[in-house]
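The primary structure of each chain is shown beneath.
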Amino acid sequence: MTTPLAEVASSPSTLRAFLHGLPGVDRVGADARAAMLGTRSIKTTAKKQAIDMAIGMVDLTTLEGADTPGKVRAMCAKAVRPDPADASVPPVAAVCVYPDLVATAVEALAGSGVKVASVATSFPSGRSSLEVKVAETSLAVAAGAAEIDMVIDRGAFLAGDYLKVYEEIVATKEACADAHLKVILETGELATYDNVRRASWLAMIAGADFIKTSTGKVSPAATLPVTLVMLEAVRDFLAATGRKVGVKPAGGIRTTKDAIKYLVLVNETAGPDWLHPDWFRLGASSLLNDLLMQRQKMATGRYAGPDYFTLD
Amino acid sequence: MSERTERLSVRKTYKLFIGGAFPRSESGRSYVVTSSKGDFLANAARASRKDARDAVSAARKAFPGWSGATAYNRGQILYRIAEMLEGRRAQFAAEVADADGVSAKKAGELVDAAVDRLVWYAGWSDKIGAVLGSANPVAGPYFNLSSPEPTGVVAVVAPQAGPLLGLVSVIAPVIVTGNTCVVVASERAPLPAITLAEVLATSDLPGGVVNILTGSAAEMAPWLAGHMDVNGVDLTGAGPELAVTCEELAAENLKRVLRPPADRVDWLADPGIERMTAFLETKTVWHPIGI
């Protein structure tokens, strides 16, 4: 790294040189390490702790065309008190909705400590003009969103127009004002782990507070090796700049077993400092019920059934 | 090619039957199965509580499709199972003879009875509603109709005796009405159960409608009886102590319980419809007349 980080985005060529100068990712090695960490056995009291920690890290998400204010209010109630029958279950970290439903969520969550996150910038494709993206972000922030989940322009990224992606993130960050900015890389469309590493660094240099794997609309969504690469990036970014960035895998995380694998991965890659809702989130919807069912199973000693938890 | 060698026979690995697939036990355990005379027959998988849990998930997943299929279709599939069973008569007769120590002739009769039992229950699929349902006379301008509905996922502890006929006689009445099931096969004689699973897997029966576990009923049945996603338990093959434990555990979510019979069951006798009604519940609907 010959150019200081602040200056790498001064021209398309320096940015390109920097991103392509990042060390390549050993694909087989990353897959093997993620798979190996996924075999850790987390049982009994450690599992209990991990389940509660994971519940506290969930961004409870609904991003459907059919979302109604009623559905969002029901989800907010669940976010504050995930298991109505058990007050010892911690609330989730945030709810994540489309911009037009932010106001509904803010009202429903007032005073609860659960944050409202909104997707923005023409989620999920990101195919619109910068003006529209910035305006959408401003609307969501004005409606009360504390966190903005933006998508990057994958088309520009894959075409090699890194500066365009960079400038969009910077502009969105500006529009966020005090809101936290999560940048969705949509790793399922980036084709290689090298690209994931480049996109992670690009987002962090541009000012992202969080880097997020996926929209949940593209398969594959979050995977362990991709998250490993991103966790390495935030770790290295902290060492290089002193600024700490969070990571959020989202999409396809449905079981407690999966969630615990991610926690192990965080602990072993970025370190225990990241094991906090401020620095690590799990974007999910159906995961929460599985966490609650596992929690109940550990408390009662009998396998839980979905009939006894709310439908999402 | 001067030397002639004896061909080594290929032995079957007896595994579990979960969700239409044949996995080994997640615990990696197996146990030795012997004939009624004590000779080694095979190693069978010893399923764990986690296999039981997986089987319940598979059964739950299969329930909407199976209970939503037409009664006629379910009957056809049961009839198809009978056809497939008939085609492997010799194999089943040999396994039953080994397991029960009965003569080849008697074993053949037991297999025939199992085939007939399936055909008998297949016929019930579209008739049970007419027998148990009713148009109720009510004091008002309404139709009032009651019809039997399947309960859901049923855990079945298969009888220890009667490794084929007994097994078929407890599975068929549960599934013909639209339930799905998790069956703990006879611990002493599990081989016909796994061979039956091969029949089920090739009978157009959707995966997960019947799941068969081999191993210890005492180990698995309490987990199934306590499972909140199981809606009924058939304790036919459970001993008196195990049956009491299971019935207590089943009370937590008000499962339907079929208690073990007091006397030794003659599986060749006419079964009646009690085994079907045990896992049916009545739905009654009101409908206005003349609008």
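Residues numbered from 1 in each chain as written. Chains lettered and ligands numbered in written order. Predicted model: local features only at pLDDT ≥ 70, side-chain atom pairs only at ≥ 80, totals over all residues. Heavy atoms only, no water.

J.: Now, about the overall build of chain B: what can you tell me, with residues and values included?
T.: Summing up its helical and strand segments, chain B has 10 helices and 10 strands in all. In summary, chain B has a C-alpha radius of gyration of 20 Å against a globular reference of 19 Å for 291 residues, a match within 12%. The principal-axis extent of the C-alpha atoms belonging to chain B is close to 90 × 35 × 35 Å. Counting every position in chain B, which comprises 291 residues, the buried fraction comes to 49%. The contacts in chain B between residues at least 6 apart in sequence include a share of 76% that link residues at least 24 apart. Total accessible area on chain B is roughly 13,700 Å²; 54% of this is exposed by carbon and sulfur atoms. Within chain B, one finds 29 positive and 31 negative side-chain charges whose respective centroids are separated by 4 Å. (Helix = DSSP H or I, 4+ residues; strand = E, 2+ residues; numbered from the N terminus. Rg over C-alpha atoms; globule rule 2.2 N^0.38 Å. Buried < 20%, exposed > 50% of the residue type's maximum accessible area, 1.4 Å probe, protein only. Contact = heavy atoms within 4.5 Å. Areas by Shrake-Rupley, 256 points an atom, 1.4 Å probe, with all protein chains shown as cover. Lys, Arg positive; Asp, Glu negative; His and termini not counted. Charge placed at Lys NZ, Arg CZ, Asp CG, Glu CD.)

J.: Outline the packing of helix α3 (residues 44-57) of chain A against helix α11 (residues 256-269) of chain A, listing residues and values.
T.: All names here are of chain A. Taken N-terminus to C-terminus, the directions of α3 and α11 make an angle of 90 degrees; their axes are 10 Å apart at the nearest point. Here α11 runs roughly perpendicular to α3, going by the angle between their axes. Residue-level inspection shows Lys47, Ala50, Ile51, Met53, Ala54 and Met57 of α3 in contact with α11, the latter providing Thr256, Ala259, Ile260 and Leu263. Taken together, the residues of the contact of α3 with α11 break down into eight nonpolar, one polar and one charged. (Axes fitted to C-alpha atoms, helices over the stretch in contact; angles between N-to-C directions. Parallel < 35°, antiparallel > 145°, perpendicular 65-115°, else oblique. Nonpolar A, V, L, I, M, F, W, Y, C, P; charged D, E, K, R; others polar.)

J.: Can you tell me about the sheet that holds strand β10 (residues 280-288) of chain B, naming the residues and giving the values?
T.: Residue and element names in this part refer to chain B. One open sheet accounts for three strands, arranged β3-β4-β10; its pairing is antiparallel. Looking at which strands have only one partner, the edges of the open sheet turn out to be β3 (134-135) and β10. The pairing of β3 with strand β4 (residues 142-150) spans two bridges and is classified as antiparallel. Residue pairing for β4: Ala135 is matched across the bridge by Leu145. (Pairing = 2+ DSSP bridges.)

J.: Which residues make up the UniProt feature "domain: Aldehyde dehydrogenase" (unreviewed entry) in chain B, and what values do they have?
T.: Here, the residues flagged by UniProt with the feature "domain: Aldehyde dehydrogenase" (unreviewed entry) are residues 27-257 of chain B. Segment residues 27-257 of chain B splits into 52% helix and 18% strand. End C-alpha atoms: 28 Å apart. (UniProt positions renumbered as here; feature names shortened; annotations may be inferred.)

J.: How would you sum up the side chain of Lys47 of chain A? Please name residues and give values.
T.: All names here are of chain A. Among the structural elements, Lys47 can be located in helix α3. Look at Lys47: it is buried, it has no salt bridge, and the nearest opposite charge is Asp290 at 8.2 Å. Setting aside anything within four residues of it in sequence, one finds Lys47 in contact with Ile42, Ile260, Gln294 and Met298. (Salt bridge = Lys/Arg side-chain N within 4 Å of Asp/Glu carboxyl O.)

J.: Outline unusual backbone geometry, supporting the account with residue identities and numerical values.
T.: Geometrically, the link from Phe123 of chain A to Pro124 of chain A is a cis peptide bond, its omega value of 0 degrees lying close to zero. Topologically, Pro124 of chain A is positioned in the loop between β3 (115-120) and α6 (130-142). The amide bond that connects Ser219 of chain A to the next residue, Pro220 of chain A, takes the cis arrangement and shows omega of 0 degrees. On the secondary structure map, Pro220 of chain A appears in the loop between β6 (210-212) and α10 (224-241). Despite not being glycine, Thr121 of chain A shows a phi value in the positive range, around 60 degrees. Relative to the elements of secondary structure, Thr121 of chain A occurs in the loop between β3 and α6. A positive phi angle, close to 65 degrees, is found at Asp204 of chain B, a residue other than glycine. Locating Asp204 of chain B in the fold gives a position in the loop between α7 (191-201) and β7 (210-213).

J.: If you had to explain empty space enclosed by the protein to someone new, which residues and values would you point to?
T.: All names here are of chain B. This structure, assessed with the given rule, holds three cavities of 30 Å³ or more. In this model, the largest cavity occupies a volume close to 50 Å³. Lining the largest cavity are Ile81, Leu118, Val168, Ile171, Ala172, Ile175, Leu196 and Leu200. Listed by contribution, the elements that provide at least two residues to the lining of the largest cavity are α6 (165-176) and α7. Sorting elements by how many residues they give to the lining of the largest cavity places α6 first, with four residues. Of the residues contributing to the lining of the largest cavity, the split by class is eight nonpolar, no polar and no charged. Reported here for the second largest cavity is a volume of approximately 40 Å³. (1 Å grid on protein atoms, 1.4 Å probe; cavity = no way out; pocket = protein on both sides within 12 Å on 5 of 7 lines; lining within 4 Å. Points joined across faces, edges and corners; volume = space filled by probe spheres on them.)

J.: Break down the pattern of salt bridges for me, citing the residues and quoting the values.
T.: Throughout the structure, instances matching the rule amount to 34 salt bridges over all chains. Measuring nitrogen to oxygen at the nearest pair gives 2.9 Å for the salt bridge that ties Arg275 of chain B to Asp234 of chain B. Residue Arg275 of chain B is found in helix α10 (residues 274-277), and its partner Asp234 of chain B is found in strand β8 (residues 232-234); the two are separated by 41 residues along the sequence. Considered together, Arg275 of chain B and Asp234 of chain B belong to a single accessibility category, that of buried residues. Each of Asp59, Glu147, Asp149, Lys182, Lys212, Lys248 and Arg281 of chain A takes part in a single network of salt bridges with overlapping partners.

J.: Requested: an account of the nonpolar core, with residues and values cited.
T.: Of all hydrophobic cores here, the largest spans 95 residues; its most connected members are Leu15, Val95, Ile169, Val183 and Trp201 of chain A. For this core, the leading source of residues is α10 of chain A, giving nine residues. For Leu15 of chain A, the residues in contact, after removing those within four places along its chain, are Val8, Ala9, Tyr162, Leu163, Tyr166 and Leu202 of chain A. Counting 60 residues, the second largest nonpolar core, distinct from the first, contains Tyr31, Leu78, Ala158 and Val176 of chain B. (Core = buried A, V, L, I, M, F, W, Y, C linked by side-chain atoms within 4.5 Å.)

J.: Let's hear about the packing of aromatic side chains: which residues, and what values?
T.: Residues and elements named next belong to chain A. Applying the stated rule across the entire model yields nine aromatic pairs over all chains. Their ring planes at 70 degrees and their centres at 5.9 Å tell us that Phe18 and Trp201 sit as a pair that is edge-to-face. You can see Phe18 sitting in helix α1 (residues 12-21) and its partner Trp201 sitting in helix α9 (residues 193-205), a full 183 residues away along the chain. Judged by relative accessible area, which is 9%, Phe18 ranks as buried. Trp201 gets classed as buried once you look at its relative accessible area, which sits at 4%. Ring geometry for Trp201 and Phe237: centres 5.6 Å apart, planes at 75 degrees, overall edge-to-face. Here Phe237 lies in helix α10 and Trp201 lies in helix α9, a separation of 36 residues in the sequence. Each member of the pair, Trp201 as well as Phe237, is classed as buried. (Phe/Tyr/Trp six-rings, centres within 6.5 Å; stacked < 30°, edge-to-face > 60°.)

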